[in-house]
Amino acid sequence: MPEIHVVQRDNRRLYENYFDPYFRLRHDIYVKQRKWMALDRPDGREIDQFDTEDAVYLFCLDGGQLIGAMRALPTLLPTLMSDIFPYLSLRRPIRRPDVYELSRIFVIPERRGEHAGPRVEMLLLTAIMEYGISIGLTGFSIVLESWWLPRFERCGWRAHPLGLPQMIDGMSVLAVLVDCDETTWRSLCTQIGLTSPTLTWHGLTGVNRQILPDISLLHSPTVQPAR
Ligand code: COA
């Protein structure tokens, strides 16, 4: 099964070899395939102003190959919502210590739509919930295309719109705040058959976080016996 690694300032040196392929993959996916030409760079790497040392990455690795990823940014710092799309939020863009902004979620084309095991995309959605609970977050803000909403609904992510959808470069885009809580995480784990936390925290012993128990050890809702 693929592993999801937390990569941030404190352990980035352990994953340095993955960053060049990572930024090249982003260029292939967002510029060449999705045609988000504003992200084009002549060096073939998609890197923006939010790829700072404060960014947190989830790298999905399988046999040493990077097959998917996601980026999380503290909302106390500049984010896509605060600096590029503030008009998507009816109120002021979210700036809270307990909310991170998610962006750049992708799975490499060869590993999309899999049915043999948990879909890589579902693994990432489960893993970021685990990350959020572990470090005490209560939500994720996201600027996304509206086709994500039924997907979130299906997997149990609760997304609250922060404003009205707007057409941007031919895409219907909106800002949402997604609840980050243990109930959602447990439900995702159950859906994809995980019985224990999945994140790998190599080199992050100094990070202040809650160690999550195995799912089976968590309190289950009482089931009424059939009469
Ligand atoms: N527009 C509309 N719907 C889309 C879509 C897009 N660009 N990309 C995916 N979907 C929806 C469709 O309903 C699709 O079903 P379909 O096969 O009938 O079209 C469904 O998602 C399944 O997507 P698929 O790509 O087959 O598999 P997946 O669920 O494993 O992966 C993503 C989903 C989004 C992770 C993957 O498509 C991806 O990496 N895309 C490129 C990166 C990207 O656009 N990320 C979002 C913005 S950061």
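Okay, so let's go over this structure.

Conventions adopted
- For every chain, the first residue of the written sequence is number 1, and numbering continues from 1 onward in sequence order.
- For this predicted model, a pLDDT threshold of at least 70 governs which residues receive local features, and a threshold of 80 or more governs which side-chain atom pairs are given and counted, while totals over whole chains, interfaces and linings are taken from all residues.
- With hydrogens and water stripped out, all remaining heavy atoms of the structure feed into the side-chain values.
- Working definition: residue near molecule or strand if any one of its non-hydrogen atoms lies within 4 Å of it.
- Within 3.5 Å is the distance limit for a polar contact, defined as a pair of N or O atoms, with the added protein rule that one can donate a hydrogen and the other accept it, and that residues adjacent in sequence qualify only through two side-chain atoms.
- For accessible areas, the Shrake-Rupley method is used with a probe of radius 1.4 Å. Any residue's cover is judged against the shown protein chains and nothing else.
- Cavity means a closed set of points on a 1 Å grid over the protein atoms alone, one where a 1.4 Å probe fits but cannot get out, pocket means an open set with protein on both sides within 12 Å along at least 5 of 7 lines, and lining means a residue has an atom within 4 Å of a point.
- Grid points are joined across faces, edges and corners, and a volume is the space filled by probe spheres set on the points.
- Labels follow the DSSP assignment, with helices taken as runs of H or I lasting at least four residues and strands as runs of E lasting at least two, numbered in each case from the N terminus.
- The nonpolar class holds Ala, Val, Leu, Ile, Met, Phe, Trp, Tyr, Cys and Pro. Asp, Glu, Lys and Arg form the charged class, and all remaining residues, Gly among them, are polar.

Another point: the site of the ligand. As a structural note, the neighbourhood of the ligand is formed by 15 residues, with R34, I105, V107, G113 and R151 the closest of them. Within the contact set of the ligand, an oxygen atom lies 2.8 Å away from a backbone nitrogen or oxygen of G113. The separation between an oxygen atom of the ligand and a polar side-chain atom of R151 is 2.2 Å. Calculation on the ligand without its partners gives an accessible area of 870 Å², and the protein chains cover 64% of this total.

For the rest of this paragraph, the subject is the layout of surface pockets. Taken as a whole, the largest pocket encloses approximately 1000 Å³ of empty space. Forming the boundary of the largest pocket are 44 residues, of which Y30, R34, W36, R104 and E145 lie nearest the centre. For the lining of the largest pocket, the secondary-structure elements that each account for two or more residues are α1 (16–33), β4 (99–107), α3 (120–134), β5 (139–145), α4 (148–155) and β8 (171–179). The biggest single contributor to the lining of the largest pocket is β4, with six residues. In terms of residue class, the lining of the largest pocket is built from 28 nonpolar, three polar and 13 charged. Estimated volume of the second largest pocket: approximately 160 Å³. Every residue lining the second largest pocket is listed: Q8, R9, D10, E53, D54, A55, V56, P74, Y100, Y131 and I135. Here the residues of the lining of the second largest pocket sort into six nonpolar, one polar and four charged.

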